[in-house]
Amino acid sequence: MKFPREDPTEATESSRSNTSQPRWRHPTRLAALVVVVYTVGGLTVGGLTMGVLLEAPIVPSIIAIVAVAIQMGFNGAYRTRMVPDVSSMFSRLLTAVALGVVIGLSVARLTPAPVPTIGDAMGLVAGLWVGAVVGLAFASRSLKHRWSKGHLRSRALVIGVGKLTSELILELRLRPTYGVDVGAVACVGEKPPSRGLPAETPLIAVDEIPSFVQENDIDRVIIGPSAGDDPTVVAAARWAAAQGLPVYVVPRLFAMGVGLDSLTPDRVRG
């Protein structure tokens, strides 16, 4: 089975015709905006507070804050997660903040503003790091509250069936704080499963994925551990990625380990 290679213009028009709201108002985009607003707010408060306490030059401090905010975007700090764990990001945030401060203060040297001292720079790193951690923590709490109330929730298409996949779907339904609703399950093979999935879960064929995604505002694809080796699933994953949809893969048990942490995975029930 081959998935269609759509012209980008046609794909955009099709998406607009099947969507009842502008792309920027999509729930997942608004959820990401919540993370950005809280985090940048935390950076601003932390950076300016530390700058005032140290009596550091204001212009270089502002440039450093902007540089850190941009660097954190490249570092993936604004990505929404089903199970946010700010503590696991401490070292990554420190790296992003330190690099952002170096870039920001280097740019600030090109301005006529006074040059901050080493102590000012170290103080900015500390203040911005604390601000980033606090901002992300508040963003996580805010999103969990909104998700539990049914707002800003993501719609996922799960590909493949099996015991672990069924447990994942059930877990997503039982815990609204994950912020993910399962729109449907795409079956691999000709015969759909007779048991194992929640009764209310819609079943579709793999070749129905393109039309279902566009007609139902699906914004992420989750591939179960029993489906990853199927050629049609690989084609579906490539098609989804080409449409700009994030693709998540549930690893098999032998793939889980320390190396998985380097991929910054989402964790559902451990």
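Just so we're clear, the structure is a prediction, and the values are computed from it rather than from any experiment.

Novice: Quick one: what's the story with the packing of aromatic side chains, residue by residue and with numbers?
Specialist: Here the structure, examined in full by the defined rule, presents one aromatic pair. Taken together, a centroid distance of 5.4 Å and an interplanar angle of 70° make the contact between Phe90 and Trp129 edge-to-face. One end of the pair, Phe90, is in helix H4 (residues 90-108); the other, Trp129, is in helix H5 (residues 118-148), and 39 residues separate them in sequence.

Novice: Give me the lowdown on unusual backbone geometry, citing residues and values where you can.
Specialist: In most cases, non-glycine residues show a negative phi, while peptide bonds are predominantly trans. For Glu55, which is not glycine, the phi dihedral falls at a positive 60°. Turning to its location among the elements, Glu55 is positioned in the loop between helix H2 (27-54) and helix H3 (58-74). Positive phi, close to 55°, is recorded for Leu152, a residue that is not glycine. Following the sequence through the fold, Leu152 ends up in the loop between H5 and strand S1 (154-159). Judged by relative accessible area, which is 17%, Leu152 ranks as buried.

Novice: Residue-level account of the pairing of strand S2 (residues 180-187), with values.
Specialist: When you tally the buried positions in S2, you get seven out of eight residues, the bulk of the element. One ladder, built from six bridges, connects S1 with S2; its direction is parallel. Residue pairing across strands places Ile159 opposite Ala186, the latter belonging to S2.

Novice: Describe in detail the pattern of salt bridges, supporting the description with residues and values.
Specialist: Evaluated as defined, the whole model comprises two salt bridges. A salt bridge links Asp181 to Arg153, with the shortest nitrogen-to-oxygen separation between them at 2.9 Å. Here Arg153 lies in the loop between H5 and S1 and Asp181 lies in strand S2, a separation of 28 residues in the sequence. With a closest N to O distance of 2.4 Å, Arg175 and Glu171 form a salt bridge.

Novice: Which residues make up the nonpolar core, and what values do they have?
Specialist: Counting 29 residues, the largest nonpolar core has Leu43, Val68, Met72, Leu93, Val101, Leu128 and Leu143 as the members making the most contacts within it. Among the elements of the structure, H2, H3, H4 and H5 are those that each provide at least two residues to this core. Of all the elements, H5 adds the most residues to this core, at ten residues. Counting residues in each nonpolar core, the second largest holds 18 residues, with Ala184, Val221, Ile223 and Val233 among its members.

Novice: If you had to explain the sheet that holds strand S5 (residues 247-249) to someone new, which residues and values would you point to?
Specialist: Read across the sheet, five strands follow the order S3-S2-S1-S4-S5 without closing on themselves; strand pairing throughout is parallel. Looking at strand neighbours, the two that pair on one side only are strand S3 (203-205) and S5, the edges of this open sheet. When strand polarity is set aside, the average angle formed by the axes of neighbouring strands in this sheet is 30°.

Novice: Outline empty space enclosed by the protein, listing residues and values.
Specialist: Within the structure shown, the criterion is met by two cavities of 30 Å³ or more. Taken together, 14 residues make up the lining of the largest cavity; nearest its centre are Val35, Ala77, Arg79, Pro84 and Leu136. Residues belonging to the lining of the largest cavity are distributed by class as follows: eight nonpolar, three polar and three charged. A volume near 60 Å³ is recorded for the second largest cavity. What lines the second largest cavity is simply Thr28, Ala31, Thr80, Arg81, Met82, Trp147, Leu152, Ser154, Tyr178, Gly179, Val180 and Arg220.

Novice: Give a description of H3 that names residues and reports values.
Specialist: Between its terminal C-alpha atoms H3 stretches 25 Å, which fits the 24 Å expected from 17 residues at 1.5 Å a residue. When H3 is considered as a whole, its buried residues turn out to be Pro60, Ser61, Ala64, Ile65, Ala67, Val68, Ala69, Gln71 and Met72. Check the buried side of H3 and you find it contacts H2, H4 and H5. With its phi angle positive at about 80°, Gly76 sits one or two positions after the end of H3.

About the criteria used
Residues numbered from 1 in each chain as written. Predicted model: local features only at pLDDT ≥ 70, side-chain atom pairs only at ≥ 80, totals over all residues. Heavy atoms only, no water. Phe/Tyr/Trp six-rings, centres within 6.5 Å; stacked < 30°, edge-to-face > 60°. Helix = DSSP H or I, 4+ residues; strand = E, 2+ residues; numbered from the N terminus. Buried < 20%, exposed > 50% of the residue type's maximum accessible area, 1.4 Å probe, protein only. Pairing = 2+ DSSP bridges. Salt bridge = Lys/Arg side-chain N within 4 Å of Asp/Glu carboxyl O. Core = buried A, V, L, I, M, F, W, Y, C linked by side-chain atoms within 4.5 Å. Axes fitted to C-alpha atoms, helices over the stretch in contact; angles between N-to-C directions. 1 Å grid on protein atoms, 1.4 Å probe; cavity = no way out; pocket = protein on both sides within 12 Å on 5 of 7 lines; lining within 4 Å. Points joined across faces, edges and corners; volume = space filled by probe spheres on them. Nonpolar A, V, L, I, M, F, W, Y, C, P; charged D, E, K, R; others polar. Expected span 1.5 Å × (residues − 1). Contact = heavy atoms within 4.5 Å.

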